[in-house]
Amino acid sequence: MLDILRSKSRSVLTYVLFGIIIVVFIVSFGPGSQGCQVEGLSAHSAVEVDGYVVSPADYEEVYGSLFRTYQARMGQSFTRELAEQLGLRNVAMNQVVDRVLVVQEAQRRGLRVSPDEVNRAVWAIPAFQTDGRFDIEVYRRAVRQGYGSEKRFEERLVEDLLFQKMLALVRENALVSEEEIRAAWMAACRPAGPSPIM
């Protein structure tokens, strides 16, 4: 390819081709462009999945949680640079999209979360308890600080519970044949290294 370009370097077609490449780079990466950033579509949405808009704050929450998980496992050796090398932002985006799709499928299948289920889940969260009992003031203070309002927290909790219900439904109905189990077991138990030639 380079040999062809060198031999035709004075050709008008070569100049046009390089001109197009330059224009594409200026438009894609020039002043005011977003380039190839995964940060988001706009200030109001990190991604839109089948009509559902995920806010940049929600995306950053997932990314931050993922980053803290890796940092807890690896210690201070886990840096922002390493996170970027591992593509942690893309992993977080995939988790956000997967979650939205699972919740949408749960809703499509008619799964619901009752107010009683929400209440039981809230009351069971240790961070909202004082001396082993649910404390409404602790709840309100923590939720307003973390989510802005009780309504937003409870909406998020409903999504969490729908997500859990859908995963439980999938697990209950997953059928795996004996042959698939045997093949997976054989693959897992196969010794590492080259197999003997007979």
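These numbers come from a predicted model, not from an experiment.

A.B. asks: Mind showing me how you'd approach the pattern of salt bridges here?
C.D. replies: Two side chains carrying opposite charge are able to pair once their charged atoms lie near each other. Summed over the entire model, instances satisfying the criterion amount to 15 salt bridges. A salt bridge links glutamate 137 to arginine 140, with the nearest nitrogen and oxygen atoms 3.4 Å apart. Of the two residues, glutamate 137 and arginine 140 both sit in helix H7 (residues 136-147), three residues apart, roughly one turn of that helix. For glutamate 137, a relative accessible area of 44% translates into the label partly exposed. For arginine 140, a relative accessible area of 30% gives the class partly exposed. Through salt bridges that share partners, Asp58, Glu61, Lys151, Arg152, Glu155 and Arg156 make up one connected network.

A.B. asks: Looking at this structure, how should I read the confidence of the model for the protein?
C.D. replies: Caution applies to low-pLDDT parts of the model: their predicted coordinates are not meant to be read in detail. For the protein, mean pLDDT is 79; residues scoring 70 or higher make up 73% of the total. Overall, residues 32-41 carries pLDDT values under 50, and its contacts beyond four positions in sequence, including any with other chains, amount to 16 contacts.

A.B. asks: Explain the packing of aromatic side chains to me, please; I cannot follow it from the model alone.
C.D. replies: For any pair of aromatic rings, the description rests on two quantities: the centre-to-centre distance and the angle between the ring planes. Taken as a whole and judged by the stated rule, the model has nine aromatic pairs. For the pair tyrosine 63 and phenylalanine 67, a centre-to-centre distance of 6.2 Å together with 40 degrees between the ring planes defines the contact as tilted. With tyrosine 63 and phenylalanine 67 both in helix H3 (residues 56-74), this residue pair falls four residues apart, about one helical turn. Taken as a pair, tyrosine 63 and phenylalanine 67 share a single burial class, namely buried. Centroid distance tyrosine 70 to phenylalanine 78: 5.3 Å. Interplanar angle 25 degrees. Geometry classified as stacked. In this structure an aromatic cluster arises from ring pairing among Trp123, Phe128, Phe134, Tyr139, Tyr147 and Phe153. Geometry around tyrosine 63 places arginine 89 over its ring, the cationic atom sitting 4.0 Å from the centre.

So, how was this worked out
Residues numbered from 1 in each chain as written. Predicted model: local features only at pLDDT ≥ 70, side-chain atom pairs only at ≥ 80, totals over all residues. Heavy atoms only, no water. Salt bridge = Lys/Arg side-chain N within 4 Å of Asp/Glu carboxyl O. Helix = DSSP H or I, 4+ residues; strand = E, 2+ residues; numbered from the N terminus. Buried < 20%, exposed > 50% of the residue type's maximum accessible area, 1.4 Å probe, protein only. pLDDT = per-residue confidence, 0-100. Contact = heavy atoms within 4.5 Å. Phe/Tyr/Trp six-rings, centres within 6.5 Å; stacked < 30°, edge-to-face > 60°. Lys NZ or Arg CZ within 6 Å of the ring centre and 35° of its normal.

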